[in-house]
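For reference, the chains in residue letters:
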Amino acid sequence: MAIQRHVKRAGKLWIRVFPDKPYTKKPLEVRMGSGKGAVEGWVAVIKPGRVLFEISGVPEKDARDAFRLAAAKLPLETRVLARDTE
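A brief look at the structure comes next. (Residues numbered from 1 in each chain as written. Predicted model: local features only at pLDDT ≥ 70, side-chain atom pairs only at ≥ 80, totals over all residues. Heavy atoms only, no water.)

**Some words on the overall build of the protein**
Link 1 in the chain: Along the protein, the regular secondary structure elements total two helices and four strands.
Link 2 in the chain: For the protein, the α and β elements follow one another from N to C terminus as α-β-β-β-β-α.
Link 3 in the chain: Taken against the 2.2 N^0.38 rule, which gives 12 Å for 86 residues, the C-alpha radius of gyration of the protein at 18 Å runs more than 25% over that of a compact globule.
Link 4 in the chain: The C-alpha extent of the protein, read off along each of the three principal axes, is 60 × 25 × 20 Å.
Link 5 in the chain: Burial status across the protein gives 16% buried among its 86 residues.
Link 6 in the chain: Pairs at least 24 residues apart make up 53% of the contacts formed inside the protein by residues separated by at least 6 positions.
Link 7 in the chain: Here the protein displays about 7,700 Å² of accessible surface, and carbon together with sulfur accounts for 54% of that area.
Link 8 in the chain: Distance between charge centroids for the protein: 7 Å, based on 18 positive and 10 negative side chains. (Helix = DSSP H or I, 4+ residues; strand = E, 2+ residues; numbered from the N terminus. Rg over C-alpha atoms; globule rule 2.2 N^0.38 Å. Buried < 20%, exposed > 50% of the residue type's maximum accessible area, 1.4 Å probe, protein only. Contact = heavy atoms within 4.5 Å. Areas by Shrake-Rupley, 256 points an atom, 1.4 Å probe, with all protein chains shown as cover. Lys, Arg positive; Asp, Glu negative; His and termini not counted. Charge placed at Lys NZ, Arg CZ, Asp CG, Glu CD.)

**Some points on the pattern of salt bridges**
Link 1 in the chain: Enumeration according to the criterion identifies four salt bridges in this entry.
Link 2 in the chain: With its nearest N and O atoms 2.2 Å apart, the salt bridge here joins Arg 16 to Glu 54. Remark: Glu 54 occurs in strand E4 (residues 53–56) and Arg 16 occurs in the loop between strand E1 (12–15) and strand E2 (21–25); sequence separation between them is 38 residues.
Link 3 in the chain: Given the relative accessible area of 25%, Glu 54 is considered partly exposed.
Link 4 in the chain: Here Arg 64 makes a salt bridge to Glu 60, at a shortest N to O gap of 3.1 Å. On the criterion of helical spacing, the pair formed by Arg 64 and Glu 60 is a turn pair, its members being four residues apart in helix H2 (residues 60–73). (Salt bridge = Lys/Arg side-chain N within 4 Å of Asp/Glu carboxyl O.)

**Digging into H2**
Link 1 in the chain: Look at H2: 20 Å from first C-alpha to last across 14 residues, which is about the 20 Å you get at 1.5 Å a residue.
Link 2 in the chain: Taken as a whole, H2 has its buried residues at Ala 63, Asp 65, Ala 66, Phe 67 and Ala 70.
Link 3 in the chain: Among the structural elements, helix H1 (2–6) and E4 are those in contact with the buried residues of H2. (Expected span 1.5 Å × (residues − 1).)

**A look at the layout of surface pockets**
Link 1 in the chain: The computed volume of the largest pocket comes to approximately 1,100 Å³.
Link 2 in the chain: Lining the largest pocket are 32 residues, and of these Val 51, Phe 53, Arg 79, Val 80 and Leu 81 sit closest to its centre.
Link 3 in the chain: Those elements that place two or more of their residues in the lining of the largest pocket are E4 and H2.
Link 4 in the chain: Residues belonging to the lining of the largest pocket are distributed by class as follows: 18 nonpolar, five polar and nine charged.
Link 5 in the chain: Put simply, the second largest pocket is a space of about 160 Å³.
Link 6 in the chain: Taken together, Met 1, Ala 2, Ile 3, Leu 13, Ile 15, Phe 53, Ala 70, Lys 73 and Leu 74 form the lining of the second largest pocket. (1 Å grid on protein atoms, 1.4 Å probe; cavity = no way out; pocket = protein on both sides within 12 Å on 5 of 7 lines; lining within 4 Å. Points joined across faces, edges and corners; volume = space filled by probe spheres on them. Nonpolar A, V, L, I, M, F, W, Y, C, P; charged D, E, K, R; others polar.)

If you want it as structure tokens, here you go:
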């Protein structure tokens, strides 16, 4: 959302990750055993080198600023890559 708001909905944004792994949690004050807990939410496993977002149709300076704002909201270290258009 931060990326889209910064570029004012211009261009096309691709989100390259999808949360496809469930994580479970047992309720509070429940004794050990009796199986696995219920699904609490979904997560995406991000390994180093994975491309998270792609954007096209906006100037590179605006894209870098948008990605910088989005990176501040993520709990991992990121960097911005640019594709050579030769």
